[in-house]
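Close look at the chain arrangement
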Amino acid sequence: MKYVDLHCDTLTVCCDNGLNLGDCALQTSFEKLKKSRCAAQCFAVFTEGAEAAIRFKKYLNFYYQSLEKYKIKAVLNYEGLIDCVEDEDTGALLTIENLGFINELSEIYDLADAGVKMASLVWNFENKFAYPNLIFENGIPQFSKRRKTGLKPLGREAVKLLDENKIIIDVSHLSDGGTDEILRGRKIPLVASHSNCSAVNSVSRNLTDGQIKRISDCGGVVGVNFCKDFLGECETFESVFFHIRHLIDVGGEDVAAFGSDFDGIPAPQDLEDCAKMPKLLGFLESRGIKGRILEKLCFKNFTRVFKDVCG
């Protein structure tokens, strides 16, 4: 079955290390994606720190040059995404992890023009827009603590502009307070591109049941992250199943998706790279995630969000 993956860090890793997106030995590559029958991969541009804006332009050029070199379709609208699901194509969506590199809110218009289809306000460190869900003490993440701080004023303005520009808002990494603020009364779908369930594994990077329910209520989706720290102590496939099952139990069958975080995480056992995705899907079928529900998990939930937000 074809599937969509809402998050990987492969683009940034390849560009920083002089690797090819086509056939590199990372957890994700165009070659592996095609073999795994990936309909569309969301490629995140991650920037942090000094000269982040300069690096963003470098990553953007690398992305489009790679698509042209390897003849990969840039997914820019719903029709293009459905083509990738129905045909043998693998498409690519451009996303941003951490919007903190922009200097002016008006640059969000430029991001839309550049083909960005999803963006998060923040990563692991506070910026001009928001606070992260991770709390650090002496440089060590405190996964048992949750941050209630809401958005900053510029963050609220950024949310409005992202909606106006038909860019999907991603709340992975965002503080509880910021996530709850965006979700309050929200009607436009959003995503948590690579987040899991706190009730299954109680760490601050995972979503509370209340957040899952409100994401579902606005028509959004949660992409299950394959990182061991967020999955929990069970074997990888079993842990992924538990998080998917909990998402469905809390938010219904329209809320679950995949958000691997490949090339941003250590290789999970039995799911070392995207080529192992068919084995994961087979395991999920054996545990009762099949038929209509598996189709929704693999692609239909996200294609619905993409249609509603991006058009």
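We now turn to the structure provided with this report. The written sequence of each chain sets the order in which its residues are numbered from 1. Side-chain atom pairs in this predicted model are given and counted only at pLDDT of 80 or more, local residue features only at pLDDT of at least 70, and totals for whole chains, interfaces and linings cover all residues. With hydrogens and water set aside, each side-chain value is computed from the structure's full complement of heavy atoms.

Structural notes on helix H6 (residues 153-164)
The line we're drawing: By definition, any uninterrupted DSSP run of H or I lasting at least four residues is a helix, any uninterrupted run of E lasting at least two residues is a strand, and each is numbered from the N terminus. Expected span of a helix, by definition, is 1.5 Å for each gap between consecutive residues, and there is one gap fewer than residues. Residue burial is assigned from relative accessible area. The probe radius is 1.4 Å, only protein chains are included, and a residue is buried under 20% of its type maximum, exposed over 50%, and partly exposed in between. Any two residues whose heavy atoms approach within 4.5 Å at even a single point are treated as in contact.
Taking 1.5 Å of rise per residue, the twelve residues of H6 would be expected to cover 16 Å, and the 17 Å separating its terminal C-alpha atoms lies within 8% of that figure. Listed in full, the buried residues belonging to H6 are Gly-155, Ala-158, Val-159, Leu-161 and Leu-162. In this structure, the buried residues of H6 make contact with helix H5 (107-113), strand E5 (116-120), strand E8 (168-170) and helix H7 (176-183). Where H6 terminates, the next one or two residues include Lys-166, which has phi positive at roughly 60°.

Overview of the pattern of salt bridges
To keep things clear, this is the line we draw: By definition, a salt bridge exists where a carboxyl oxygen of Asp or Glu is found within 4 Å of a side-chain nitrogen of Lys or Arg.
All told, the structure shown has 19 salt bridges when counted by the stated rule. As a salt-bridge pair, Asp-180 and Arg-214 come within 2.9 Å of each other at their nearest N and O atoms. Note that Asp-180 is positioned in helix H7 and Arg-214 in helix H8 (residues 209-217), a separation of 34 residues in sequence. Residue classification places Asp-180 among the partly exposed residues on the basis of a relative accessible area of 24%. Given a relative accessible area of 33%, Arg-214 falls into the partly exposed group. For Arg-287, the salt bridge is made with Glu-238, and the minimal N-O distance between the two is 2.5 Å. Residue Arg-287 is located in the loop between helix H11 (277-286) and helix H12 (291-310), and its partner Glu-238 is located in helix H10 (residues 236-251); the two are separated by 49 residues in the primary sequence. A relative accessible area of 33% places Arg-287 in the partly exposed class.

Details of empty space enclosed by the protein
For clarity, the threshold we go by: Think of a 1 Å grid over the protein atoms and nothing else: a 1.4 Å probe that fits but is trapped marks a cavity, an open set flanked by protein within 12 Å on at least five of seven lines marks a pocket, and residues with an atom within 4 Å of a point count as lining. Grid points are joined across faces, edges and corners, and a volume is the space filled by probe spheres set on the points. Residues are grouped as follows: Ala, Val, Leu, Ile, Met, Phe, Trp, Tyr, Cys and Pro are nonpolar; Asp, Glu, Lys and Arg are charged; every other residue, Gly included, is polar.
According to the stated counting rule, one finds one cavity of 30 Å³ or more in the structure shown. When its volume is computed, the largest cavity comes out at roughly 50 Å³. Forming the boundary of the largest cavity are 15 residues, of which Asn-133, Leu-174, Ser-204, Arg-205 and Leu-207 lie nearest the centre. Its residues placed into classes, the lining of the largest cavity shows three nonpolar, nine polar and three charged.

Looking at the packing of aromatic side chains
To keep it simple, the criterion reads: Ring geometry is summarised as follows: Phe, Tyr and Trp rings, the Trp one being its six-membered ring, pair when their centres sit within 6.5 Å, and such pairs are stacked at plane angles under 30 degrees, edge-to-face over 60 and tilted between the two. By definition, being over a ring means that NZ of Lys or CZ of Arg is both within 6 Å of the ring centre and within 35 degrees of the ring normal.
Applying the stated criterion across every chain, the model contains 14 aromatic pairs. Consider the rings of Trp-123 and Phe-125, whose centres lie 5.6 Å apart with planes at 65°: the pair is edge-to-face. On the accessibility criterion, Trp-123 (21% relative accessible area) is partly exposed. Ring centres 6.2 Å apart and planes at 65° place the aromatic pair Phe-226 and Phe-258 in the edge-to-face group. Placement of Phe-226 in the loop between strand E10 (221-224) and helix H9 (228-231) and of Phe-258 in strand E11 (residues 256-258) is noted, with a sequence separation of 32 residues between them. A single burial state applies to Phe-226 and to Phe-258, both of which are buried. Positioned over the ring face of Tyr-131 is Lys-152, at 4.9 Å from the centre of the ring. The lysine or arginine in question, Arg-205, covers the ring of Phe-230, its NZ or CZ lying 5.0 Å from the ring centre.

Some points on H7
Burial of H7 is extensive: seven of the eight residues sit out of reach of the surface. Every buried residue belonging to H7 is among Asp-176, Gly-177, Gly-178, Thr-179, Glu-181, Ile-182 and Leu-183, and all of these are buried. Residue Gly-185 follows H7 closely and has a positive phi angle near 70°.

Section: the layout of surface pockets
To find leftover empty space, a probe the size of one water molecule is rolled over the atoms. For the largest pocket, the calculated volume is near 340 Å³. If you trace the largest pocket, you find 20 residues lining it, with Trp-123, Asn-124, His-173, Asp-261 and Gly-264 closest to the centre. Looking at the lining of the largest pocket residue by residue, the classes come out as ten nonpolar, five polar and five charged. Of the volumes computed, that of the second largest pocket is approximately 160 Å³. Lining the second largest pocket are Ala-53, Phe-56, Lys-57, Leu-60, Phe-101, Asn-103, Glu-107, Asp-110, Leu-111 and Ala-114. Only helix H3 (52-70) and H5 provide two or more residues apiece to the lining of the second largest pocket. Top contributing element to the lining of the second largest pocket by residue count: H3, with four residues. By residue class, the composition of the lining of the second largest pocket is six nonpolar, one polar and three charged.

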